[in-house]
Amino acid sequence: MASPPSADNKAMLTRILDLQNPEDDLELRVSEPEETSSETGEGGVTGLCIECGDTPSIQRCLQCRDEFCELCYGSLHRTGTRRSHQVQKLQAPSKPAEEDVEMKGGEMESKGVEVKRKRSITLTSNFDKVSNKETNSSGAVMDSTWFEERSKYIPLRLEFKERKLLRLLEASLNVSEYTDKVDVYSHQSKTKRMVAQIRDICAILSGLVVASDYKEGQRLIQDHSFPENAEFFQTIFEIGRRYKIMNPARMRSAFGKLMYLLQDSMIPQVKDMLQFSCVKEITTVHAFLEASRALDMLEDDQINIATREIIADGKSRTQIQTEIKQKERAIEYLSRHYANENISNEELKVCLYSIGDNHSFLRTNRDPCDKMIHYLTTYFRPDYAEPLYDLSIMAGRGGARLTHSHQHQYQFVLQSLILWREIQYDMFKLWYLSEQDMLDENNPYRLRNTGQGLNRVQSAPRVSKAMRQIVSKVQREIGHWVGSSVVHLGDDLVPSSFHFIDKYTQVPRILNPIVTCLERIEELVRNPELNTYLEETWGGPDTLKKEILADFFRYAFDGSGGANFFEAGSCIDGRLTSCWNWCSQIEKKPFFPVFLLTGFMGFDGEF
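Anyway, here's the lowdown on the structure attached to this text. Every chain's residues receive numbers from 1 upward, in the order its sequence appears when written. With the structure being a predicted model, the display of local features is reserved for residues of pLDDT at least 70 and the display and counting of side-chain atom pairs for 80 or more, all residues being used for whole-chain, interface and lining totals. Working from all heavy atoms in the structure, the side-chain values ignore hydrogens and water.

Considering the overall build of the protein
Stage number 1. On a plain count of helices and strands, the protein comes out with 26 helices and five strands.
Stage number 2. Throughout, exposure labels follow a simple rule: accessible area from a 1.4 Å probe, protein chains only, divided by the maximum for the residue type, with under 20% read as buried, over 50% as exposed, and the rest as partly exposed. Sorting the 607 residues of the protein into buried and exposed places 48% on the buried side.
Stage number 3. Here the protein displays about 29300 Å² of accessible surface, and carbon together with sulfur accounts for 49% of that area. Secondary structure elements follow DSSP: runs of H or I no shorter than four residues count as helices, runs of E no shorter than two count as strands, and numbering proceeds from the N terminus. A 1.4 Å probe and the Shrake-Rupley method give the accessible areas. Residues count as covered only by the protein chains that appear here.

Next up, the structure:
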């Protein structure tokens with residue numbers, strides 16, 4: 001095994017990777033002795049974890065020769081040969097270790113601080129350059145390659161007949177007690193309980209079909225054989241899954257029952273007893289067009305116009321009407337030109353509308369992240385902390401579990417928002433991979449008490465790989481990573497890929513109410529009485545916005561919210577836990593009346 005790089009080489013490599021332009025290289029050579037004097041040989045601040053770099057190290061691995069905090073050591077030494085590594089406890093430092101030079105107004109004279117300031121500014125400007133490449137609300141430069149790849153994960157919009165079946169499925173799942181009878185400890189055979197509950201749901205569905213359409217229901221139950229009607233049950237279950245992907249806020253409890261039912265139906269013993277499979281592939285736009293031999297439509301330049309969203313912000317009525325007519329003409333052209341004996345005009349229109357639904361999903365779920373990034377980079381600077389809007393936090397104060405200077409907290413919040421943005425952008429793909437992980441018959445789950453009741457703990461190799469790729473992409477874009485990069489999946493914190501998806505569908509529910517409140521503050525100014533309240537209490541709308549943002553960026557990313565350090569901290573999932581903790585305390589914030597004045601109803605998807 002090759003020997004590890006020396007401390008000097010590793011520090012030098014870190015500086016080289018951090019370079020953004022040739023001018024930084026010149027300044028780094030000048031300030032190198034001063035900058036390295038405040039850091040350890042491993043490139044991190046003295047007394048802090050070598051992995052996350054923001055929490056005090058409490059133990060040293062004798063084989064790795066590195067110091068870790070409790071969370072990072074446990075995550076890196078869970079499996080493999082590292083499990084046998086020996087650990088040495090470290091004495092607690094007499095005073096909190098300082099992570100960086102404090103960025104106060106008159107303390108910018110040192111060359112090392114100046115280098116870090118330029119790096120942060122360059123980081124922000126680089127992100128702005130990436131954002132400028134996006135030409136519309138879909139979040140990418142849209143060409144034929146983009147449409148072909150994206151359509152592989154875009155579900156096909158439901159037709160009218162399918163929506164009727166969806167209502168039947170929701171009704172049957174709402175009255176079902178599947179998880180209450182299956183996911184419990186019992187002396188009875190679990191396989192028999194699963195089969196009985198699945199048959200009960202199929203029987204309920206058959207009865208509802210009879211009630212809604214007597215002729216169809218009569219044909220369905222005339223033989224009283226579920227295997228002969230396997231195609232019907234596969235279709236209705238697939239409709240529910242497809243609808244949920246496009247509408248994450250719907251079927252909140254019913255979808256969990258559906259996925260657990262389908263997960264159990266893929267167990268070989270259960271499948272043998274049922275004598276049919278309940279699962280079939282999700283119908284995507286790409287799969288539908290490929291089966292109909294109409295994939296060429298995705299390469300037509302008109303598809304960009306036919307699927308774009310028309311947003312009225314800042315546009316005249318004439319301009320909006322012009323865009324609507326252009327879109328209608330593009331849809332008519334594509335539906336006529338690419339129709340064939342396998343696919344009709346209306347079916348092609350459904351495919352175009354489905355791609356348009358994806359754009360709408362991105363605007364609702366991903367754009368709040370962009371807006372929060374804009375607020376962060378507009379109202380705050382990484383190199384200077386205003387006295388009343390210093391983002392620095394310290395473990396033990398205000399419930400925080402992390403210690404960050406203003407600069408580190410700025411970077412920590414920025415990279416978290418960019419990470420969430422990328423996750424929302426690839427949410428359809430992650431959802432597709434999540435279902436593959438859950439419904440893989442070679443990937444069994446274990447029923448285990450995770451501290452939050454009995455949960456199905458199951459590994460998620462496909463989602464884990466995709467998440468590592470997303471984190472790596474953000475790390476390359478950021479240049480300097482603050483905190484831990486651990487992604488919890490298949491453990492007590494995130495038991496399965498289903499919990500992972502459910503966790504990150506909460507991001508727009510958190511950010512949308514905050515963004516809406518900030519945007520509506522300008523409307524309050526138009527009311528003379530409310531304007532007087534804002535001026536006398538907060539000093540004006542801009543000051544109020546900075547107060548709300550500073551509180552959110554400071555305390556919603558402080559590592560709090562978990563029952564212990566393993567459940568929060570600076571890991572990928574712990575950042576979202578901290579945000580939920582901040583949301584749960586919104587009523588105690590001094591600016592809560594402003595939220596109510598702007599129409600705030602809660603963080604549970606309603607506003």
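Looking at the packing of helix α22 (residues 507-525) against helix α23 (residues 528-538)
Stage number 1. The interhelical angle for the contact between α22 and α23, taken along N-to-C directions, is 115°, at an axis separation of 7 Å. The segment α22 lies against α23, with I521, L524 and V525 engaging L530, N531 and L534.
Stage number 2. The classification used treats Ala, Val, Leu, Ile, Met, Phe, Trp, Tyr, Cys and Pro as nonpolar, Asp, Glu, Lys and Arg as charged, and all other residues, Gly among them, as polar. Tallied by class, residues from the contact of α22 with α23 come to five nonpolar, one polar and no charged. In this analysis an axis means a line fitted to C-alpha atoms, helices contributing only their contacting stretch, and an angle means the value between N-to-C directions, from 0 to 180 degrees. We call two residues contacting when some pair of their heavy atoms lies within 4.5 Å.

A word on a negative patch on the surface
Stage number 1. Two joining distances apply to patches: 9 Å for like charges and 5 Å for nonpolar side chains (Val, Leu, Ile, Met, Phe, Trp, Tyr), and every residue must have over 30% relative accessible area and no salt bridge. Just to be clear on terms, a salt bridge is a Lys or Arg side-chain nitrogen sitting within 4 Å of an Asp or Glu carboxyl oxygen. In this tally Asp and Glu are treated as negative and Lys and Arg as positive; neither His nor the chain ends contributes. Positions of charges follow a simple convention, taking NZ of Lys, CZ of Arg, CG of Asp or CD of Glu. Taken together, the side chains of E148, E290, D296 and E299 define an acidic patch exposed on the protein surface.
Stage number 2. Following the sequence through the fold, D296 ends up in the loop between α13 (285-291) and α14 (302-307).

Regarding the packing of aromatic side chains
In this description, an aromatic ring pair is defined by two values, namely the gap between the centres and the angle between the planes.
Stage number 1. Note on aromatic contacts: the rings of Phe and Tyr and the six-membered ring of Trp form a pair at centre separations within 6.5 Å, being stacked when their planes are under 30 degrees apart, edge-to-face when over 60 apart, and tilted otherwise. A full pass over the atoms with the stated rule returns 20 aromatic pairs.
Stage number 2. Centre to centre, the rings of Y375 and Y379 are 6.2 Å apart; their planes meet at 35°, and the pair counts as tilted. Here Y375 and its partner Y379 are both found in helix α17 (residues 367-379), four residues apart, which amounts to about one turn of the helix.
Stage number 3. In this structure Y379 comes out as buried when scored by relative accessible area, which is 19%.
Stage number 4. Linked through ring pairs, F380, W420, F552, F553, F557, W582, F591, F592, F595, F600 and F603 together constitute an aromatic cluster.
Stage number 5. Lysine NZ or arginine CZ positioned within 6 Å of the ring centre and within 35 degrees of the ring normal marks a charge as sitting over the ring. A cation over an aromatic ring shows up here: R150 above the ring of Y425, its NZ or CZ 4.5 Å from the ring centre.

Some words on the environment of I478
Stage number 1. Structurally, the position occupied by I478 is in helix α20 (residues 461-478).
Stage number 2. Distance from I478 to L414, taken between C-alpha atoms, is 8.8 Å for residues 64 residues apart in sequence.

Digging into the pairing of strand β4 (residues 446-449)
Side-chain positions along a regular strand alternate between the two faces of the sheet.
Stage number 1. Here β4 runs beside strand β5 (residues 454-457); their pairing, made up of four bridges, is antiparallel. Its bridge partner being in β5, R448 is matched across the sheet by N455.
Stage number 2. Counting the residues that bridge the hairpin from β4 to β5 gives four residues, and of these G451 lies at a positive phi of roughly 95°. Pairing between two strands requires that DSSP report at least two bridges joining them.

Description of the nonpolar core
Stage number 1. Among the nonpolar cores identified, the biggest contains 139 residues, and F237, M372, F380, W420, F552, F553 and F557 are the most heavily contacted of them.
Stage number 2. Beyond its immediate chain neighbours, meaning those up to four positions away, W420 contacts C369, Y504, V507, L511, F557, R575, L576 and C579.
Stage number 3. Grouped together as the second largest cluster of nonpolar side chains are nine residues, F68, C69, L71 and Y73 included. We call a set of buried residues a nonpolar core when its members are Ala, Val, Leu, Ile, Met, Phe, Trp, Tyr or Cys and they connect through side-chain atoms within 4.5 Å of each other.

A closer look at the sheet that holds strand β2 (residues 66-68)
Stage number 1. Strand order across the open sheet formed by three strands is β2-β1-β3, with antiparallel pairing between neighbours. Of all the strands in the sheet, just β2 and β3 (87-89) have a single pairing partner and so form its edges. Across this sheet, the average inter-strand angle for adjacent strands is 30°, counted without regard to direction.

Details of unusual backbone geometry
Stage number 1. Notably, M251 is not glycine yet its phi reads approximately 50°, a positive angle.
Stage number 2. For M251, the location among the structural elements is in the loop between α10 (230-246) and α11 (254-265).
Stage number 3. Among the residues examined, M251 registers a relative accessible area of 7% and is labelled buried.

Some thoughts on the pattern of salt bridges
Stage number 1. Tallied over the entire structure, the rule returns 29 salt bridges.
Stage number 2. Between R60 and E67 there is a salt bridge, with its nearest N and O atoms 3.9 Å apart.
Stage number 3. Look at E67 and you get partly exposed, because its relative accessible area is 27%.
Stage number 4. Between D383 and R381 there is a salt bridge, and its shortest N-O distance comes to 2.8 Å.
Stage number 5. Ionic contacts of the salt-bridge type, sharing partners, join the residues R366, D367, D370, R421, E422 and K473 into one network.

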